[in-house]
Amino acid sequence: MRAVVHRVRSASAHVADETIATIGPGLAVLLGIAVDDRPEDGERVAAKLLALRIFDDGRGRLDRSVKDVGGSVLVIPQFTLYGDVRHGRRPDFTAAAPPELGLRLFDAFCGVLRGADVVVASGRFGADMRIVLEADGPVTILLSTDGWAQADLGRKA
């Protein structure tokens, strides 16, 4: 599982002319799900995301989490994070989860965040979306379970 995490002042997702999700200050998360991902991977990434201290503490230090600042999270399904361009110029998406698995794990990931009492908005799985975000900082973090030992998945963030 891969997540590109942007600290934002605001973010929104649009399908055609419809705004389907919007948040104020918080995090915009582009979430890619791999063919071999499991629910535990999403739980681990969600826990890490909630614990990231990437908000200013008022003294110029990044020492507060999205929960500490009362921020929201916009989660966007992004299978293209698993596009492989090592060979040729056209991305190969065979490492991305098939739609049924991707949707199930995407919904589970959002559910973990909601279960932590965070306001969560989400993009529409499988839709062609326009994402608008006002970056704050900018602060952008990449989280990935690629290379995480299976034993580490049971540990706290």
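Every value quoted in this text rests on a predicted model; they were computed, and no experiment measured them.

Draft legend 1. Region of the structure containing the side chain of Ser 65. The residue Ser 65 is located in the loop between strand S5 (62-64) and strand S6 (72-77) in this model. Non-local contacts of Ser 65, meaning those with residues more than four positions away in its chain, are made with Leu 50, Ala 51, Leu 52, Arg 53 and Phe 55.

Draft legend 2. Quick peek at the nonpolar core. In terms of nonpolar packing, the biggest core is built from 29 residues, with Val 5, Leu 27, Leu 49, Val 73, Val 75, Phe 109 and Leu 113 touching the most fellow members. Residue contributions to this core peak at 6 residues, all from helix H2 (residues 99-115). The residues touching Val 75, leaving out its near neighbours within four places in the chain, are Val 29, Leu 31, Phe 106, Phe 109, Cys 110, Leu 113, Val 120, Ala 121, Ser 122 and Gly 123. Of all hydrophobic cores here, the second largest spans 13 residues; its members include Ala 11, Ala 13, Leu 30 and Ile 76.

Draft legend 3. View of the pairing of strand S2 (residues 18-23). Relative to S2, strand S1 (residues 2-15) runs antiparallel, the two sharing 5 bridges. Each bridged residue has a counterpart across the sheet, and for His 14 the counterpart in S2 is Thr 19. Here S1 folds back onto S2 in antiparallel fashion, the turn holding 2 residues, of which Ala 16 has a positive phi close to 55°.

Draft legend 4. Up close: the side chain of Asp 41. The topology assignment puts Asp 41 in helix H1 (residues 39-51). Taking relative accessible area as the criterion, Asp 41 reaches 4% and is therefore assigned buried. A distance of 2.7 Å separates the side chain of Asp 41 from the backbone nitrogen of Arg 38, its partner in a polar contact.

Draft legend 5. Main features of the pattern of salt bridges. Taken as a whole, this structure holds 9 salt bridges when the rule is applied. Residue Asp 146 is joined to Arg 2 by a salt bridge in which the shortest nitrogen-to-oxygen separation is 2.6 Å. Residue Asp 146 is found in the segment after strand S8 (129-144), and its partner Arg 2 is found in strand S1; the two are separated by 144 residues along the sequence. Owing to a relative accessible area of 39%, Asp 146 belongs among the partly exposed residues under this scheme. Judged by relative accessible area, Arg 2 falls into the partly exposed class, the value being 26%.

Draft legend 6. Region of the structure containing the pairing of S6. The element S6 is largely enclosed, with a buried count of 6 among its 6 residues. Residue alternation in S6 divides its side chains into two sets, Ser 72, Leu 74 and Ile 76 and Val 73, Val 75 and Pro 77, and both sets are buried. Two strands pair when backbone bridges link them, and strand S3 (residues 26-32) and S6 are joined in this way by 6 bridges, in the parallel orientation. Bridged to Val 29 within S6 is Val 75. Pairing of S6 with strand S7 (residues 120-122), which is carried by 3 bridges, proceeds in the parallel orientation. Across the sheet, Leu 74 pairs through a bridge with Ala 121, a residue of S7.

Reading the values: the criteria
Residues numbered from 1 in each chain as written. Predicted model: local features only at pLDDT ≥ 70, side-chain atom pairs only at ≥ 80, totals over all residues. Heavy atoms only, no water. Helix = DSSP H or I, 4+ residues; strand = E, 2+ residues; numbered from the N terminus. Contact = heavy atoms within 4.5 Å. Core = buried A, V, L, I, M, F, W, Y, C linked by side-chain atoms within 4.5 Å. Buried < 20%, exposed > 50% of the residue type's maximum accessible area, 1.4 Å probe, protein only. Pairing = 2+ DSSP bridges. Polar contact = N/O pair within 3.5 Å; in protein donor to acceptor, adjacent residues only side chain to side chain. Salt bridge = Lys/Arg side-chain N within 4 Å of Asp/Glu carboxyl O.

Function cannot be read off these values alone, since they describe shape.
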